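Given next are the chains, with one letter for each unit.
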Amino acid sequence: MKRRPMHIYTLPLKPDAETRKSAEKLLLDETVPMKHIPDVLEYFRQCLWSGVNIIPSLTNFVTQTHKWFSMNVKLLRVLRYFILTIQLHIPETTDEGINEAALAKGTVSELSVIIMLKYLEKVFDTLLRSQQQKFTQTEVKILSTMLRWLEGKEEKCPSLKSEQVQQLLKNREYSDCPICHSSLKEEELTSFCPNGHTFGICCLTFLPCSTTYRTCINCNSLALPLENIKGISFLADEECSLCGGMLF
Amino acid sequence: MMGCEKRIADAEFSDQIFCHNAVQWSEDNRVSVCSEKGIIIMEMKHSPLQLDKKFHYNLSQIPNPKESNNATRLPLDVFRSWKTKSSNFTEDELQELFLDHPLHPYLSGQVVNLGYVRAKWSPKGADLMGR
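Keep in mind it's a predicted model, so treat the numbers as computed, not measured. (Residues numbered from 1 in each chain as written. Chains lettered and ligands numbered in written order. Predicted model: local features only at pLDDT ≥ 70, side-chain atom pairs only at ≥ 80, totals over all residues. Heavy atoms only, no water.)

### Things to note about the packing of helix α1 (residues 16-28) of chain A against helix α2 (residues 38-49) of chain A
All names here are of chain A. Orientation of α1 relative to α2, taken along the N-to-C sense of each, is 120°, at an axis distance of 10 Å. Looking at the two axes, α1 sits oblique to α2. As for how α1 packs across α2, the hand of that crossing is left-handed. The segment α1 lies against α2, with Asp16, Thr19, Arg20, Ala23, Leu26 and Leu27 engaging Val40, Leu41, Tyr43 and Phe44. Residues that form the contact of α1 with α2 fall into these classes: 7 nonpolar, 1 polar and 2 charged. (Axes fitted to C-alpha atoms, helices over the stretch in contact; angles between N-to-C directions. Helix = DSSP H or I, 4+ residues; strand = E, 2+ residues; numbered from the N terminus. Parallel < 35°, antiparallel > 145°, perpendicular 65-115°, else oblique. Left-handed = near helix turned anticlockwise from the far one by under 90°. Contact = heavy atoms within 4.5 Å. Nonpolar A, V, L, I, M, F, W, Y, C, P; charged D, E, K, R; others polar.)

Written out as structure tokens, the structure is:
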């Protein structure tokens, strides 16, 4: 028997201008986490698909890369959401030199690095505040990989207390390539070995994700399973460090 | 849900609605539907990676308990009508039923565990995830 679909109607609650204003306020409010406003984000996305940007100031922020690090994480996440949404409108061509899509893609990865640096700043602060002196093997691997990922990026983030974290670590230890066991190297959000094996890095620990991992429901970032990182006190947040989404 | 224009989203289910007022809308815009097979939870996706303007939902289900408390081995509808006192059995039929089936004593107020007939959302922010 053919079933009739159930219809859900979403009706307007407020006039246009008022809705846009309250949505903009919620999106820019630093104290309101992203996971608390899924409906506002969806409204923002749908407005963008209709060609309306309810936060015109965001377009200025896209080009002001030197200001990104001084922005709060919420604003950076909204900016990343904005760029990810609009880049789907830009038709891709094979010529990457003049391709707007490639530019947008570059902006997303650059922005992602800034958000991850902000995340590391928070992790290091938590670690140093806790005055933890002894570390498990997994914790050593996580901190070593974080410090290696940071190499060459310190100038973007002068407030990062990486030297103090380095002093805490007596030895450095890294994860090998899960396939050929050769050493790995991190670049942006991927980890690769000399034999061409590439892995996405965990957005919480920076370790490579191989067979089992979780995915962010919003931006598809990867994370290690909860049981692998349970009990690590300096990784307080159980949400995607890039967009604040839930990990499954 | 916020919205400046009328929008329509469709969701199609393979099983039937199980009770009156089967659809419940939560404070944070999740929808639950009591159906024959369990409670369907619809959560709106808001990923920026979606490729169109439509609403998309993640569907999940809280399945019915694997076994109902029908210890009589009667057909489910007969059991339900007997339990809910909505049957039209005559005295003779009831007598026959009692003779043919090992009916356990009827306890007034006993829950007939055949599926979910009501779902209600807890207040927003009540769980550990703050949802």
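### A few points about the side chain of Gln132 of chain A
With respect to the helices and strands, the residue Gln132 of chain A is situated in the loop between α5 (100-130) and α6 (137-150). From its side chain, Gln132 of chain A meets the backbone oxygen of Lys134 of chain A in a polar contact 3.1 Å long. (Polar contact = N/O pair within 3.5 Å; in protein donor to acceptor, adjacent residues only side chain to side chain.)

### Re the UniProt feature "domain: Transcription factor IIIC putative zinc-finger" (unreviewed entry) in chain A
In the numbering used here, UniProt assigns the "domain: Transcription factor IIIC putative zinc-finger" (unreviewed entry) feature to residues 174-225 of chain A. A distance of 18 Å separates the end C-alpha atoms of residues 174-225 of chain A, which is 0% helix and 31% strand. (UniProt positions renumbered as here; feature names shortened; annotations may be inferred.)

### What to know about α6 of chain A
Residue and element names in this part refer to chain A. In this model α6 runs 20 Å from its N-terminal to its C-terminal C-alpha over 14 residues, within 8% of the 20 Å that 1.5 Å per residue would give. With respect to burial, α6 is a largely interior element, 11 of its 14 residues being buried. In the segment just after α6, Gly152 is the residue with positive phi, at about 85°. (Expected span 1.5 Å × (residues − 1). Buried < 20%, exposed > 50% of the residue type's maximum accessible area, 1.4 Å probe, protein only.)

### A short note on a negative patch on the surface
All names here are of chain B. Together, Glu91, Asp92, Glu93, Glu96 and Asp100 give the surface a local cluster of negative charge. Mapped onto the elements of the fold, Glu96 is located in helix α2 (residues 91-100). Accessibility expressed as a relative area gives 47% for Glu96, which makes it partly exposed. (Patch = residues over 30% accessible without salt bridge, like charges linked within 9 Å, V, L, I, M, F, W, Y side chains within 5 Å. Areas by Shrake-Rupley, 256 points an atom, 1.4 Å probe, with all protein chains shown as cover. Salt bridge = Lys/Arg side-chain N within 4 Å of Asp/Glu carboxyl O. Lys, Arg positive; Asp, Glu negative; His and termini not counted. Charge placed at Lys NZ, Arg CZ, Asp CG, Glu CD.)

### Quick notes on the confidence of the model for chain B
Per-chain confidence: chain B averages 74 in pLDDT, with 68% of residues scoring 70 or above. Across residues 1-5 of chain B, where pLDDT falls below 50, the model places 24 contacts with residues more than four positions away in sequence or in other chains. (pLDDT = per-residue confidence, 0-100.)

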